[in-house]
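# Geometric and topological summary
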Amino acid sequence: MPVEELIAKGTRLIKASQKILVFSGAGLSTESGIPDFRSPGGIWDRYDPSDFYFQKIISDQKAREKYWKMSSEYWEVMKNAKPNPAHLAIKKLEDMGKLLAIVTQNIDNLHQKAGNSPEKIIEIHGTAFSVICLNCGKVYDREEIEKRIRNGEKDPHCDTCSGPLKPATISFGQAMPEDKMAMAFKYAKECDLCIVLGSSLVVYPAASVPEHAASQGAKLMIINLTPTPLDAQADLVIHDSVSKVLGEMVGLE
Ligand code: ZN
């Protein structure tokens, strides 16, 4: 079926839905110029992910220094990134009163920058825009800590308790936030349409959210450049650019 017909089918699915759950992944961010960690030439081609396991970050100063070096490099790209037409289309879904929630694997604040309400955004992998003290839990604005790093600190520590600091993202080997996962599953049960955007649905437990939505009776739409393990269960699958496809689907000018 030509992509225009697939898009028209998507528009009909959206029109027929009242409670849409958007599930977004790295493919949405790459179209805003943020590189995917996992893609060739990405961060993991230049750094070894096993250096960044949570237990190592907690216990090893050298690992933290390396982590901050990698992370600060990434931060410079992320802090200036702008929402693309797919983010704006999701904002329009909220304006239309159809958006139940966004469950995102992304850490880049782009749904907030697009204007979606913060209470509708569930960041299951955390956010790069905050930094947290691993000892007392104090939260800092990311740019405030990055300034300290630019001024020469290699392993910044908490000014209240002297505990080590880390961006408020979920690292390898770190537990998923239970409250956010519970909310994500609640919305998966409640939605009547789940739209997967730019996720290959291979990272668990995150990928079980759209799986749960489909098993609870919601329609499932997947827009991703490459096939996913849930394609066979979906009502509509489009292997194309998320910004092009979703932008057209919700009629962005
Ligand atoms: Zn502290």
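It should be noted that the structure appears before, not after, this text.
Now for a look at the structure at hand. (Residues numbered from 1 in each chain as written. Predicted model: local features only at pLDDT ≥ 70, side-chain atom pairs only at ≥ 80, totals over all residues. Heavy atoms only, no water.)

### A word on unusual backbone geometry
Where we set the bar: Each helix is a run of DSSP H or I of at least 4 residues and each strand a run of E of at least 2, with the numbering of both proceeding from the N terminus.
For the bond from Y204 to P205, the omega torsion is 10 degrees, close enough to zero to count as cis. Following the sequence through the fold, P205 ends up in the loop between β7 (193-197) and α10 (208-215). In the Ramachandran plot, N109 falls in the positive-phi region, its phi being about 70 degrees despite a non-glycine side chain. Looking at where N109 falls in the secondary structure, it is placed in the loop between β2 (99-104) and α7 (110-113). Unusually for a residue other than glycine, S162 sits at a positive phi of about 65 degrees.

### Comments concerning the coordination of the zinc ion
Our working definition: Only N, O and S atoms count as donors, using a 2.8 Å limit from the metal and a wider 3.2 Å limit for Na, K and Ca, and since water is excluded some coordination spheres may look unfilled. Only two sets of limits are used to name each site, 85 to 135 degrees for every angle of a tetrahedral four-donor site, and over 155 degrees for opposite donors with all other angles from 65 to 115 for a square planar four-donor or octahedral six-donor site, with any other site named irregular. Relative accessible area decides the class of each residue, using a 1.4 Å probe on protein chains only: under 20% of the type maximum gives buried, over 50% gives exposed, and in between gives partly exposed.
Only C133 (SG), C136 (SG), C158 (SG) and C161 (SG) from the protein coordinate the zinc ion, and they sit 2.3 to 2.4 Å from it. The coordination sphere of the zinc ion comprises four donor atoms, whose angles at the metal cover 98 to 114 degrees; the geometry is tetrahedral. Of note, the zinc ion draws all its donor residues from one chain, in the sequence arrangement C-x2-C-x21-C-x2-C. Here the residue C136 occupies a position in the loop between β4 (126-133) and β5 (139-141), and C158 occupies one in the loop between α8 (142-150) and β6 (165-169), the gap between them amounting to 22 residues. Accessibility expressed as a relative area gives 4% for C158, which makes it buried.

### Focus on the sheet that holds β4
The following threshold applies: For two strands to count as paired, DSSP must find a minimum of two bridges between them. Angles shown run from 0 to 180 degrees and are taken between the N-to-C directions of axes, each axis being a line fitted to C-alpha atoms and, for helices, limited to the stretch in contact. Contact between two residues is taken to exist if any of their heavy atoms lie within 4.5 Å; hydrogens are not considered.
Here three strands make up an open sheet; going across it, the order is β5-β4-β6 and the pairing antiparallel. The open sheet has two free edges, formed respectively by β5 and β6, since each of these has just one partner strand. Mean inter-strand twist for the sheet, computed between neighbouring axes without regard to direction, equals 45 degrees. Contacts from α8 reach β4, β5 and β6, with the element oriented near 75 degrees to β5.

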